[in-house]
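Okay, here's what each chain looks like letter by letter:
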Amino acid sequence: MTTRLAVEDWTTFRDSLRARYLLVEAFLGAAEPALDGAGRGVAALLTDEGGLVLARCGSVDVLGLAAEAGFVAGARVRPVPTCRRGFRVAWASVPGEAPATGHLGLVSSRESPELAPLARALAELVAHRRRELERAGQDAEQHAALDRLSAFHDTAMRIGGPQSRDELHRRVAELVVTLVRADRAGILFRDPPIPAATAQGDDAVLRGLPPVERVLATGRVARVAHDDARAEVRAALGRLGAASLALAPVFFGGRTCGAVLFAARSAGPGFSERDLEVLAFVSKQVGLSIENASLREGLERRLEALTREMELARRMQQALLPQKPLVLPGARVAGATLPARLVGGDYFDFLSLDGGDCVVAVGDIMGKGVAAALLASLLRAHVRTVVVERGFGPGVLAAVEEAMWDDLARTGSLATLQVVSFSAATGRLEALSAGHLPPLCHRKGRWERLPVGSGVSLGLKRVGDDGVREPYATVLAPGDAVVLYSDGFLDLAAGRGAGLARLEAVLAGSEALGEALRRADLAAVRSLVGGDAADDPPDDVTVVSIQR
């Protein structure tokens, strides 16, 4: 779609276009020779005052790195110093009066303290060159400049941004037809042949044509007409139904010409030098856009593969959690977890023991995402191993800490853990905590915190069996419930940064919320506290309920 400008003052509009054209010309005239001696590691960018990239030149490799970061023709960028992996950008203002001003960015693939001074010197050189062009300009040249700048600007705006390959081909064909008054246009790729942008039959006729092969071999523009001395050229034009043909090389993926941009006219005069110049400019933008499209497609493929892997990891992590409530004689244990990302660092588990007893564990690894999920899986395995081998007792946390110590130390992580032993027959509940929040108990119609000592988090220091993590015991009467939870639940139910007193007040004010918590129904909890089920929570959320 072409954007039409409503211009009340044509003179002002014309002068603005001319100023931009002279700025681009001055940049190319000053920067390209200056960069020729700078080696392959330097390139330059030119933007207008608003940050719109007007032109680029210099090292193709460096321009490719810049393109990955969004420094492409037609994009809007912030002219501030940039340091990214593989390249650096120093900016300087091109002095002058608006609208003949802009910003010059000098891009280097290596660290250099001279980058900023060189950018300023080059900006001054561009300004000086622009002033020379202004003095040498003639009326006829000014009108030509307006046409060229309009074409360049239209090209940058229409094909400079990210888009699919098919959309790029369509836009290029439409643009070339408009700019050089052709009847049709397209792109002929060297290898593999991709005729998506060509009219039916054009690809087969053009492939192998001597002028096309010459453009591919030399990387230079060419034009032919119906009066060409070569019979095979005249015959090919006849098969195309064209009176004249203009060709420009398209470079992408390196220094080799990978395609030819062509424009054909069915009748009338042949293509002029100006037409070839415009076609060559469009071909450069096409090459950059194809590179961008290839990079984008590659990134999309990698993102899709990563998403599949993450979804598999999510399913595996969910599969390691209890899949249904543990029903004991006269008691029920249920749990649920909601990761902040596809996978998380929270986990819960319960093991059924002989005689109607069970052991329940809730753990929380510092951080979120894959790293936390891996450590959570290790924590689950170690807790299970210790409980199966030693049973529940004061030494459980010390044994788990010893098993996890090296892994936590190497990764710089911490973990909180709460392990509870519960007897369904007697209602006796014993709890051990390593840095975890105290359980909540619902009895006689009200919520209260159980005074379980928080203890020292796993990985902070080796505590061992020195008594710092003291067990706590209580008895649940029929109808009582105890809830274990991670700090993400505190944020979800009481608000980010809220304390336990606020959580108790929230539960006291909502019987429905308390009932949902006793069922370990996180979906109902999110709904009752006003959370959007479509949004990820800010932290991993886990709850486990023991009801008698």
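Report on the accompanying structure. (Residues numbered from 1 in each chain as written. Predicted model: local features only at pLDDT ≥ 70, side-chain atom pairs only at ≥ 80, totals over all residues. Heavy atoms only, no water.)

## So, the overall build of the chain
If you tally the helices and strands in the chain, you get 15 helices and 20 strands. Put simply, the chain has 548 residues, and 49% of those count as buried. Total accessible area on the chain is roughly 25,900 Å²; 53% of this is exposed by carbon and sulfur atoms. (Helix = DSSP H or I, 4+ residues; strand = E, 2+ residues; numbered from the N terminus. Buried < 20%, exposed > 50% of the residue type's maximum accessible area, 1.4 Å probe, protein only. Areas by Shrake-Rupley, 256 points an atom, 1.4 Å probe, with all protein chains shown as cover.)

## Some remarks on helix α2 (residues 60-68)
Since the α-helix turns once every 3.6 residues, residues separated by three or four places project in the same direction. Buried within α2 are the following residues: V62, L63, G64, A66 and A67. Buried residues belonging to α2 abut β1 (42-48), β2 (53-58), β4 (87-94), β5 (102-108) and α9 (273-320). Of the residues flanking the start of α2, the one acting as N-cap is S59, its side-chain oxygen 3.3 Å from the backbone nitrogen of D61. (Contact = heavy atoms within 4.5 Å. Polar contact = N/O pair within 3.5 Å; in protein donor to acceptor, adjacent residues only side chain to side chain.)

## Remarks on the packing of aromatic side chains
Throughout the structure, instances matching the rule amount to three aromatic pairs. Relative to F252, the ring of F189 has its centre 5.9 Å away and its plane inclined at 70°; by these criteria the two rings are edge-to-face. Placement of the pair is F189 in strand β6 (residues 184-189) and F252 in the loop between β8 (244-251) and β9 (257-265), with a sequence separation of 63 residues. Measuring from ring centre to ring centre gives 6.0 Å for F348 and F350, while their planes differ by 40°; the resulting arrangement is tilted. Judged by relative accessible area, which is 2%, F348 ranks as buried. When the ring centre of F271 is taken as reference, the NZ or CZ atom of R265 above it lies at 4.1 Å. (Phe/Tyr/Trp six-rings, centres within 6.5 Å; stacked < 30°, edge-to-face > 60°. Lys NZ or Arg CZ within 6 Å of the ring centre and 35° of its normal.)

## Some thoughts on the environment of A434
The topology assignment puts A434 in strand β15 (residues 428-434). Expressed as a C-alpha distance, the spacing of A434 and E470, which sit 36 residues apart in the sequence, is 9.7 Å.

## A look at the side chain of S545
Take S545: it is sitting in strand β20 (residues 541-547). For S545, the side chain forms a polar contact with the main-chain oxygen of R518, separated by 2.5 Å. The contacts of S545, once residues within four sequence positions are left out, are R332, V333, A334, V482, V483, L517, R518 and A520.

## Some remarks on the pairing of β8
The element β8 is extensively covered by neighbouring structure, given that seven of its eight residues are classed as buried. Pairing of strand β7 (residues 222-225) with β8, which is carried by four bridges, proceeds in the antiparallel orientation. Pairing of A225 across the sheet is with S244, part of β8. Sheet analysis places β8 next to β9, joined by eight bridges and oriented antiparallel. Looking at β9, one finds that L245 is bridged to A264. (Pairing = 2+ DSSP bridges.)

## Side note on the packing of helix α10 (residues 369-390) against helix α11 (residues 396-411)
Between α10 and α11, the least distance of the axes is 9 Å, while the angle of their chain directions is 155°. With respect to their mutual orientation, α10 and α11 come out roughly antiparallel. Our pair here, α10 against α11, has a crossing hand that is right-handed. Residues L375, L378, L379, H382, V383, V386 and R390 of α10 lie in contact with α11, whose contacting residues are V396, A399, V400, A403, M404, D407, L408 and T411. Class assignment of the residues belonging to the contact of α10 with α11 gives a composition of 11 nonpolar, two polar and two charged. (Axes fitted to C-alpha atoms, helices over the stretch in contact; angles between N-to-C directions. Parallel < 35°, antiparallel > 145°, perpendicular 65-115°, else oblique. Left-handed = near helix turned anticlockwise from the far one by under 90°. Nonpolar A, V, L, I, M, F, W, Y, C, P; charged D, E, K, R; others polar.)

## Comments concerning the pairing of strand β11 (residues 331-338)
Bridging between strand β10 (residues 326-328) and β11 involves three bridges; their strand directions are antiparallel. Paired with L326 across the bridge in β11 is V333. Counting the residues between successive antiparallel strands, the hairpin from β10 to β11 contains two residues, one of them, G330, with a positive phi of roughly 80°. Both β11 and β20 contribute to a ladder of seven bridges, which runs antiparallel. Residue pairing across strands places A334 opposite S545, the latter belonging to β20.

## So, the sheet that holds β4
Spatially, the five strands line up as an open sheet ordered β2-β1-β5-β4-β3, and their pairing is antiparallel. Every interior strand has two partners, whereas the edge strands, β2 and β3 (82-84), have only one. Strand-to-strand twist of the sheet, defined as the mean angle between neighbouring strand axes without regard to direction, takes the value 15°. The sheet contact formed by β1 and β5 spans seven bridges and is antiparallel. Looking across to β5, one finds that V42 is bridged to S108.

## Looking at the packing of helix α12 (residues 487-494) against helix α13 (residues 500-508)
Direction vectors running N to C along α12 and α13 enclose 55°, while the axes themselves pass 9 Å from each other. With respect to α13, the axis of α12 lies oblique. Read as a crossing pair, α12 and α13 show a hand that is left-handed. Side by side, α12 and α13 meet where F489, L490, A493 and A494 of the first sit next to L500, R502, L503 and V506 of the second.

## Brief notes about empty space enclosed by the protein
Counted under the stated rule, the structure contains three cavities of 30 Å³ or more. The computed volume of the second largest cavity comes to approximately 50 Å³. In terms of lining residues, the second largest cavity is bounded by Q317, L320, L321, D346, Y347, A373, A376, S377 and R380. Counting only elements with at least two residues in the lining of the second largest cavity, the list comes to α9, β12 (346-352) and α10. (1 Å grid on protein atoms, 1.4 Å probe; cavity = no way out; pocket = protein on both sides within 12 Å on 5 of 7 lines; lining within 4 Å. Points joined across faces, edges and corners; volume = space filled by probe spheres on them.)

## Examining unusual backbone geometry
Positive phi values are uncommon outside glycine, yet K444 reaches one of about 55°. A positive phi angle is found at A520, which is not glycine, with a value near 60°. Summarising the element assignment, A520 is placed in the loop between α14 (511-518) and α15 (522-528).

## Here's the deal with helix α8 (residues 231-240)
Along α8, the residues classified as buried are V233, A236, L237 and L240. The buried residues of α8 occupy one face: seen down the axis, they fall within an arc of 100°. For α8, exposure combined with an orientation more than 90 degrees from the buried face picks out G238 and R239. Where α8 is buried, its residues contact β6, α6 (202-206), α7 (210-218), β7 and β8. Within two residues after α8, G241 carries a phi angle of roughly 70°, on the positive side. (Arc of directions from axis to C-beta.)

## Focus on the environment of T411
Structurally, T411 can be placed in helix α11. Of the residues examined, T411 reaches a relative accessible area of 47% and is grouped as partly exposed. Engagement of the side chain of T411 in a polar contact is seen with the side chain of S413, the distance being 3.3 Å.

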